[in-house]
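Observations on the model geometry
Here is how the chains run, residue by residue.
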Amino acid sequence: MVFIKISPYTPFSLTILTVSISSILSISPSEHSLHQVFKSREELMEWVRNTGRSLGYAIVTKRSKAKDGYVSKVVLMCDCGGVYKSVKDSSRETDTRKINCPFEMVGKFSKENGSWTLKVKAGEHNHPPGEYMEGHPIFKRLTPNEHQLVAELTGKGVFPKDILGVMKERDENNVSTIKNIYNARDKIRATDHKGKSLMEVLMSLLNEKGYTFEISTNRVSNKLEDLFFVPKISYKYFLDFPHVLLMDVTYNTNKYKLPFLEIVGVTSTNKTISITFAVMRTETEEKYLWALNCGTFLKVYLETANHFSPRTMIGISSI
């Protein structure tokens, strides 16, 4: 076991701090190559990231060089390297992580050996190692496996906060935040919806999830104006509790600012259950009648199943 006492103003050398890595013990802070060979750039980056993290440093890509579409060289730096450049004039005082840390490494691909090697160009930091990694964005990023987990759990309807909880249970060193989960979900949706219009995505989801739906279009432009839809599970709810229905409209709950009509049932324990929904262009009597007429198939469904129709329907007083 080696204990090293370091002053806050003393440069921190990679060769001093990595006491656990025998390949780095004998090399000086000047330019040197590590006795480490990597099968791929991903393996190299993973090693650098994990080693840096264990020492309290975050190593990021400074720049890379590609030839014929293949990356053959990558320059790595400490995330405290460089100097912050403000993009706009401001009188506000802002803090920055960049303090011009000189640490730099270079990874190169060898065609002869088909492998990657790593060379330390400058092995010293001008700041002490960090005790907590939450402040480094590079460690908040999701790994490919974590990204796949987000995709799978999102497809199963798991909430973002629960997805984050699962990730932290699997990896105690995970420092991702709920924002990282939301960003990953957005990227997944963008990939799934690539090449499709919003209307195509909507119709596809309604069909895939087994919704019953009706649409109303503009007679001139043929654009969608109103949408009525019923989730598959609502049929079971409606059969169990068909006696009372409540109808109400909410506003400003969607990006298009359209009135959102919701019809809910009431259980025997006075809990509300969602039955049908409708997005309408305008809140007029004509639109309400259209939505109610769309819902008549529910009455037929009850009669077919030998159930009574709703005995009470409570709606908006203006209807």
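Note: the structure precedes this text.
Anyway, here's the lowdown on the structure attached to this text. Each chain carries its own residue numbering, running from 1 in the written order of its sequence. Local features in this predicted model are restricted to residues whose pLDDT is 70 or higher, and side-chain atom pairs enter the listing and the counts only when it is 80 or higher, whereas totals over whole chains, interfaces and linings include all residues. With hydrogens and water stripped out, all remaining heavy atoms of the structure feed into the side-chain values.

In terms of regular secondary structure, the chain is built from 11 helices and 13 strands. Type-normalised accessible area, obtained with a 1.4 Å probe on protein chains alone, sets the label of each residue: buried when under 20%, exposed when over 50%, and partly exposed for intermediate values. In the chain, which comprises 319 residues, the share counted as buried stands at 34%. Contact definition: two residues touch when any of their heavy atoms are within 4.5 Å. Restricting the contact set of the chain to residue pairs at least 6 apart, pairs at least 24 apart contribute 52%. In the structure as shown, the chain presents an accessible area of about 21,100 Å², 52% of it carried by carbon and sulfur atoms. Helical segments are the DSSP runs of H or I of at least four residues, strand segments are the runs of E of at least two, and each set is numbered from the N terminus. Surface exposure here means Shrake-Rupley accessible area, sampled with a 1.4 Å probe, where a residue is shielded only by the protein chains that are shown.

Further remarks concern the nonpolar core. The tendency in soluble globular proteins is for nonpolar side chains to be buried side by side. One finds Leu44, Val48, Leu76, Met105 and Leu118 to be the most contacted residues of the largest nonpolar core, which totals 19 residues. Counting residues per element, the ones that place at least two in this core are strand 2 (32-38), helix 3 (41-55), strand 4 (70-78) and strand 6 (115-122). Among residues more than four places away in sequence, those in contact with valine 48 are Ile59, Leu76 and Leu118. Nine residue types can take part in a nonpolar core, namely buried Ala, Val, Leu, Ile, Met, Phe, Trp, Tyr and Cys, and a core is a set of them joined through side-chain atoms within 4.5 Å. One finds Val249, Leu261, Tyr288 and Trp290 within the second-largest nonpolar core, a separate group that totals 17 residues.

With that out of the way, let us pick up the side chain of arginine 185. You can see arginine 185 is positioned in helix 7 (residues 178-192). Asp and Glu count as negative and Lys and Arg as positive, but His and the ends of the chain are not part of the count. Note on definitions: salt bridges are taken to be side-chain nitrogens of Lys or Arg within 4 Å of carboxyl oxygens of Asp or Glu. Among buried Asp, Glu, Lys and Arg side chains, arginine 185 stands out as unpaired, with aspartate 186 the closest opposite charge at 6.1 Å. Ignoring any residue separated from it by four or fewer positions in sequence, one finds arginine 185 in contact with Val150, Thr154, Val158 and Pro160.

Attention now moves to the packing of aromatic side chains. Think of a pair of aromatic rings as described by two things: how far the centres are apart, and how the planes are tilted against each other in angle. Each Phe, Tyr or Trp ring (for Trp, its six-membered ring) is paired with any other whose centre lies within 6.5 Å, and the angle between the two planes then decides the class: stacked below 30 degrees, edge-to-face above 60, tilted in between. Summed over all chains, the structure comprises six aromatic pairs. Look at phenylalanine 38 and tryptophan 47: their rings are 5.6 Å apart centre to centre, the planes differ by 55°, and that puts the pair in the tilted class. By relative accessible area, which is 2% here, phenylalanine 38 ends up buried. Given a relative accessible area of 18%, tryptophan 47 falls into the buried group. Clustering of aromatic rings is evident, with ring pairs tying together Tyr211, Phe229, Phe260 and Phe277. Sitting over the ring of phenylalanine 139, arginine 53 keeps its end group 5.1 Å from the ring centre. The rule for a charge over a ring is simple: NZ of Lys or CZ of Arg within 6 Å of the ring centre, and within 35 degrees of the ring normal.

Attention now moves to the state of the cysteines. Any two cysteine sulfur atoms within 2.5 Å of one another count as a disulfide. In the structure shown here, the tally under the stated rule is zero disulfides. Cysteine 78 carries a free sulfur, and the closest cysteine sulfur to it, the one in cysteine 101, is 3.9 Å from it.

Counting buried residues along strand 9 (residues 224-230), six of its seven residues qualify, which places the element largely inside the surrounding structure. Linking strand 8 (residues 212-217) back to strand 9 in an antiparallel pair, the connection comprises six residues, with asparagine 222 at a positive phi of about 65°. Here strand 9 pairs with strand 12 (residues 272-279) via three bridges, running antiparallel. The residue of strand 12 that forms the bridge with leucine 227 is valine 279. Two strands pair under a simple rule: DSSP has to find at least two bridges between them.

This part covers the environment of leucine 149. As for its position among the elements, leucine 149 is in helix 5 (residues 144-155). In this structure, the C-alpha to C-alpha distance between leucine 149 and valine 166, residues 17 residues apart in sequence, is 9.2 Å.

Here we come to the packing of helix 5 against helix 6 (residues 160-170). Relative to each other, helix 5 and helix 6 sit at 140°, their axes nearing to 10 Å. Taken as axis vectors, helix 5 and helix 6 run oblique relative to one another. The hand of the helix 5/helix 6 crossing is right-handed. Residue-level contacts link Glu146, Leu149, Val150, Leu153 and Thr154 of helix 5 to Ile163, Val166, Met167 and Arg170 of helix 6. For every element, the axis is a line fit to its C-alpha atoms; helices are fit only across the contacting stretch, and the angle between N-to-C directions ranges from 0 to 180 degrees. The cut-offs work like this: below 35 degrees is roughly parallel, past 145 is roughly antiparallel, 65 to 115 is roughly perpendicular, and the gaps in between are oblique. Should the near helix be turned counterclockwise from the far one by less than a right angle, the crossing is left-handed, whereas a clockwise turn marks it as right-handed.

Packing of helix 5 against helix 7 brings their axes to within 10 Å, and their N-to-C directions diverge by 75°. On the basis of their axis angle, the class for helix 5 and helix 7 is roughly perpendicular. Along its contact with helix 5, which presents His147, Val150, Ala151 and Thr154, the element helix 7 presents Ile181, Ala184, Arg185, Lys187 and Ile188. Taken together, the residues of the contact of helix 5 with helix 7 break down into five nonpolar, two polar and two charged. Residue classes follow a fixed rule: Ala, Val, Leu, Ile, Met, Phe, Trp, Tyr, Cys and Pro count as nonpolar, while Asp, Glu, Lys and Arg count as charged, and any other residue, Gly among them, counts as polar.

Another aspect to go through is the pairing of strand 11 (residues 260-266). Of all the seven residues making up strand 11, five are buried; the element is thus mostly covered by neighbouring parts of the structure. Bridge count between strand 10 (residues 244-250) and strand 11: six bridges; the pairing is antiparallel. Its bridge partner being in strand 11, threonine 250 is matched across the sheet by phenylalanine 260. Both strand 11 and strand 12 contribute to a ladder of seven bridges, which runs antiparallel. Each bridged residue has a counterpart across the sheet, and for glycine 265 the counterpart in strand 12 is isoleucine 273. Counted between consecutive antiparallel strands, the loop separating strand 11 from strand 12 contains five residues, among which asparagine 270 sits at a positive phi close to 65°.

Here we take up the pattern of salt bridges. Enumeration according to the criterion identifies six salt bridges in this entry. Taking the shortest distance from any N to any O, the salt bridge between aspartate 186 and arginine 189 comes out at 3.6 Å. With a gap of three residues between them, aspartate 186 and arginine 189 both fall in helix 7, about one helical turn apart. For aspartate 186, a relative accessible area of 46% puts it in the partly exposed group. Of the charged contacts, one joins aspartate 226 and lysine 287 as a salt bridge, the two residues approaching to 2.6 Å between their closest N and O atoms. One end of the pair, aspartate 226, is in strand 9; the other, lysine 287, is in helix 10 (residues 285-294), with 61 residues separating them in the sequence. In this pair, the class of aspartate 226 matches that of lysine 287, namely buried. Because the salt bridges share partners, they merge into one network encompassing Glu225, Asp226 and Lys287.

Purely spatial values, then, with no claim about function.
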